[in-house]
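Now for the letters of each chain:
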Amino acid sequence: TRAPTTVSNEYYRELLENTWTMKTTHKGKPWPGPKQYEDPTGELMMLPSDLVLVQDPEFRKYAELYAKDSDAFLKDFGAAVGKLFDLGHRGSAAPPGKKRGWFSWLF
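What you see is a predicted model, and the numbers here were worked out from it, not measured in a lab. (Residues numbered from 1 in each chain as written. Predicted model: local features only at pLDDT ≥ 70, side-chain atom pairs only at ≥ 80, totals over all residues. Heavy atoms only, no water.)

1. Examining the pattern of salt bridges
Here comes step 1: Evaluated as defined, the whole model comprises six salt bridges.
Here comes step 2: Between K23 and E38 there is a salt bridge whose closest N-O contact spans 3.5 Å. Of this pair, K23 sits in the loop between strand 1 (21-22) and strand 2 (25-26) while E38 sits in strand 4 (residues 37-38), placing them 15 residues apart in sequence.
Here comes step 3: Residue R60 is joined to E64 by a salt bridge in which the shortest nitrogen-to-oxygen separation is 2.7 Å. A residue pair is termed a helical-turn pair when its members lie 3 or 4 positions apart in one helix, as R60 and E64 do in helix 3 (residues 57-68) at four residues. (Salt bridge = Lys/Arg side-chain N within 4 Å of Asp/Glu carboxyl O. Helix = DSSP H or I, 4+ residues; strand = E, 2+ residues; numbered from the N terminus.)

In structure tokens, the structure reads:
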């Protein structure tokens, strides 16, 4: 999005409101990277996995809802992120004297 440090429904608005075309060049040279799409300005990009959200009818209904209803997006996003934080991390045990978890780097 054009505001990458904010939480908003802009991703869904951009996804639905822009025309996404296959990226073929970058700075005047052939694009050697992975398959991706760009908006008309060339400033934003989407991956094939992003475009599935508007191509598949079941996913599209959520993309359309979130694009037009910021409150619905924020409610569902908050619930999903909250669940992730509640579940924590079940990786390998922390070394002696070290904490393990999502925010262990803060302490």
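2. Description of the packing of aromatic side chains
Here comes step 1: Counting across every chain of the model gives six aromatic pairs.
Here comes step 2: An angle of 70° between the planes, with centres 5.7 Å apart, marks the rings of Y66 and F73 as edge-to-face.
Here comes step 3: Y66 gets classed as buried once you look at its relative accessible area, which sits at 11%. (Phe/Tyr/Trp six-rings, centres within 6.5 Å; stacked < 30°, edge-to-face > 60°. Buried < 20%, exposed > 50% of the residue type's maximum accessible area, 1.4 Å probe, protein only.)

3. Some points on unusual backbone geometry
Here comes step 1: Located in the positive-phi region is K27, a residue other than glycine, with phi close to 55°.
Here comes step 2: Checked against the element boundaries, K27 lands in the loop between strand 2 and strand 3 (29-30).

4. Some details on the environment of D76
Here comes step 1: Locating D76 in the fold gives a position in helix 4 (residues 70-87).
Here comes step 2: Taking C-alpha positions, D76 is 9.3 Å from Y66, a pair spaced 10 residues apart along the chain.

5. Digging into the nonpolar core
Here comes step 1: Counting seven residues, the largest nonpolar core consists of L15, W20, Y37, L44, M46, L51 and V54.
Here comes step 2: Dropping the residues within four chain positions of it, L15 is found in contact with W20, M46, D50, L51, L53 and V54.
Here comes step 3: Counting residues in hydrophobic clusters, the runner-up holds five residues, among them Y12, Y66, A67 and F73. (Core = buried A, V, L, I, M, F, W, Y, C linked by side-chain atoms within 4.5 Å. Contact = heavy atoms within 4.5 Å.)

6. Section: the side chain of K23
Here comes step 1: Under the relative-accessibility criterion, K23 is labelled buried at 10%.
Here comes step 2: Separated by 3.3 Å, the side chains of K23 and H26 make a polar contact.
Here comes step 3: Apart from the residues within four sequence positions on either side, K23 is in contact with W31, Q36, Y37 and E38. (Polar contact = N/O pair within 3.5 Å; in protein donor to acceptor, adjacent residues only side chain to side chain.)

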